[in-house]
Amino acid sequence: MNVQELVGKIAADKNSRKLGKIIKVEKIQDQKTKIWKEHILILVKNFLKKDVVILVEVEKFIEVKEIYVWFDILKEDFDQEVRETRALMKLM
């Protein structure tokens, strides 16, 4: 399957809990190894909070059905990443 077809679908964790909406698929260079890898960008919107874009590696993709895309991650780990990203945004 072409990963560009995932754009516009809803991302969910392996327990089918919603993570956000997939907005883009990009090749991004790893900071340590300098290797280019494909990442899926997920937009997270929360009421009264700034919107955040989180990167998820394409390798964590499990399956797609209609409008949902499942990833091999947990909602708790994803939420931790969202909190860390928002904290970094406040520092800038």
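Read on for a plain summary of the structure.

Here is what the cut-offs are and how they apply
- Residues numbered from 1 in each chain as written.
- Predicted model: local features only at pLDDT ≥ 70, side-chain atom pairs only at ≥ 80, totals over all residues.
- Heavy atoms only, no water.
- Salt bridge = Lys/Arg side-chain N within 4 Å of Asp/Glu carboxyl O.
- Pairing = 2+ DSSP bridges.
- Helix = DSSP H or I, 4+ residues; strand = E, 2+ residues; numbered from the N terminus.
- Axes fitted to C-alpha atoms, helices over the stretch in contact; angles between N-to-C directions.
- Contact = heavy atoms within 4.5 Å.
- Expected span 1.5 Å × (residues − 1).
- Buried < 20%, exposed > 50% of the residue type's maximum accessible area, 1.4 Å probe, protein only.
- Arc of directions from axis to C-beta.
- 1 Å grid on protein atoms, 1.4 Å probe; cavity = no way out; pocket = protein on both sides within 12 Å on 5 of 7 lines; lining within 4 Å.
- Points joined across faces, edges and corners; volume = space filled by probe spheres on them.
- Nonpolar A, V, L, I, M, F, W, Y, C, P; charged D, E, K, R; others polar.

Regarding the pattern of salt bridges
The final tally for this structure, using the stated rule, is six salt bridges. With its nearest N and O atoms 3.5 Å apart, the salt bridge here joins Arg17 to Asp13. A network of salt bridges, in which partner residues are shared, links Asp13, Arg17 and Glu76.

Quick look at the sheet that holds strand β5 (residues 61–65)
The six strands lie next to each other as β4-β3-β2-β1-β6-β5, forming an open sheet whose pairing is mixed. Of all strands in the sheet, those with a lone pairing partner are β4 (52–57) and β5, marking the two edges. Ignoring which end each strand starts from, the neighbouring axes of this sheet average 40° apart. Against the sheet, helix α1 (residues 75–91) contacts β2 (18–29), β3 (36–44) and β4, and its axis sits at roughly 130° relative to β4.

Focus: α1
Because the α-helix completes a turn every 3.6 residues, residues three or four places apart line up on one side. With 17 residues, α1 extends 25 Å between its outermost C-alpha atoms, agreeing within 8% with the 24 Å of an ideal straight helix rising 1.5 Å per residue. Three or more residues of α1 are buried, namely Phe78, Val82, Thr85 and Arg86. Looking down the long axis of α1, one finds its buried residues gathered within 100° of arc, a one-sided arrangement. Turned more than 90 degrees from where α1 packs its buried face, Asp77, Arg83, Leu88, Lys90 and Leu91 sit exposed. Where the residues of α1 are buried, they touch β2, β3 and β4.

What to know about the layout of surface pockets
Counted as a void, the largest pocket has a volume near 380 Å³. Contributing to the lining of the largest pocket are 14 residues, with Ile54, Leu55, Val56, Glu81 and Thr85 lying nearest its centre. Listing elements by their share of the lining of the largest pocket, those giving two or more residues are β4 and α1. Its residues placed into classes, the lining of the largest pocket shows seven nonpolar, two polar and five charged.

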